[in-house]
Amino acid sequence: MNTLERRRLVKAEVIDVKVAKAAVNASKRQRAEAAKALRKDMAAQQFHQLRAAS
């Protein structure tokens, strides 16, 4: 394997890692947003229950 081939492989690997990291971050962000929406909904529900009770 010559240096050019080796460089190409390393570059491809770096890109793969970047893509993988981006995908992980995207899924983390999705999870965080979902949790935020769920918390918001739960808080609203509780608020409405309190209003209905009083």
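Look up a bit, the structure's there.
Only a predicted model underlies this, so the values are computations on that prediction, with no experimental measurement involved.

(A) Looking closely at the overall build of the protein. From N to C terminus, the protein includes one helix and zero strands. Taken against the 2.2 N^0.38 rule, which gives 10 Å for 54 residues, the C-alpha radius of gyration of the protein at 23 Å runs more than 25% over that of a compact globule. Oriented by its inertia axes, the alpha-carbon framework of the protein measures out at about 80 × 10 × 5 Å. When the 54 residues of the protein are sorted by exposure, 0% land in the buried category. Surface exposure of the protein reaches about 5400 Å², of which carbon and sulfur atoms provide 59%.

(B) The arrangement of helix α1 (residues 3-53) in detail. Under the 1.5 Å per step criterion, the end-to-end length of α1 is 75 Å for 51 residues, consistent within 8% with the ideal 75 Å. Counting buried residues in α1 gives zero out of 51 residues, a small share hidden from the surface. Taking the backbone nitrogen of Leu4 as reference, a side-chain oxygen 3.3 Å away marks Asn2 as the first, capping residue of α1.

(C) Spatial organisation of the environment of Glu5. The topology assignment puts Glu5 in helix α1. On a C-alpha basis, the gap between Glu5 and His48 in space is 64 Å, while along the polypeptide they are 43 residues apart.

(D) Examining the environment of Asn2 more closely. Here Asn2 is to be found in the segment before α1. Asn2 gets classed as partly exposed once you look at its relative accessible area, which sits at 43%. Along the sequence, Asn2 and Ala35 sit 33 residues apart, while their C-alpha atoms lie 50 Å from each other. Side-chain polar atoms of Asn2 contact the backbone nitrogen of Glu5, separated by 2.9 Å.

Calculation rules
Each residue is numbered by its place in its chain's sequence as written, counting from 1. Two thresholds apply to this predicted model, a pLDDT of at least 70 for residue-level local features and 80 or more for giving and counting side-chain atom pairs, whereas whole-chain, interface and lining totals are computed over all residues. Heavy atoms from the whole structure form the basis of all side-chain values; hydrogens and water molecules are not counted. Only DSSP runs of H or I covering at least 4 residues are called helices, and only runs of E covering at least 2 are called strands; the numbering of each starts at the N terminus. Here the globule rule reads 2.2 Å times residues to the power 0.38, and the radius of gyration is calculated from C-alpha atoms. Classification of residues uses two cut-offs on accessible area relative to the type maximum, computed with a 1.4 Å probe and protein chains only: under 20% is buried, over 50% is exposed, and between them is partly exposed. For the accessible areas, the method is Shrake-Rupley and the probe is 1.4 Å, while residue cover comes only from the protein chains on display. In this analysis, the expected span of each helix is defined as 1.5 Å times one less than the number of residues it contains. By the criterion applied in these results, polar contacts are pairs of N or O atoms within 3.5 Å in which, for protein atoms, one can donate a hydrogen and the other can accept it, and in which residues neighboring in sequence qualify only through two side-chain atoms.

It is worth stressing that arrangement in space is one thing and function is another; only the former is reported here.
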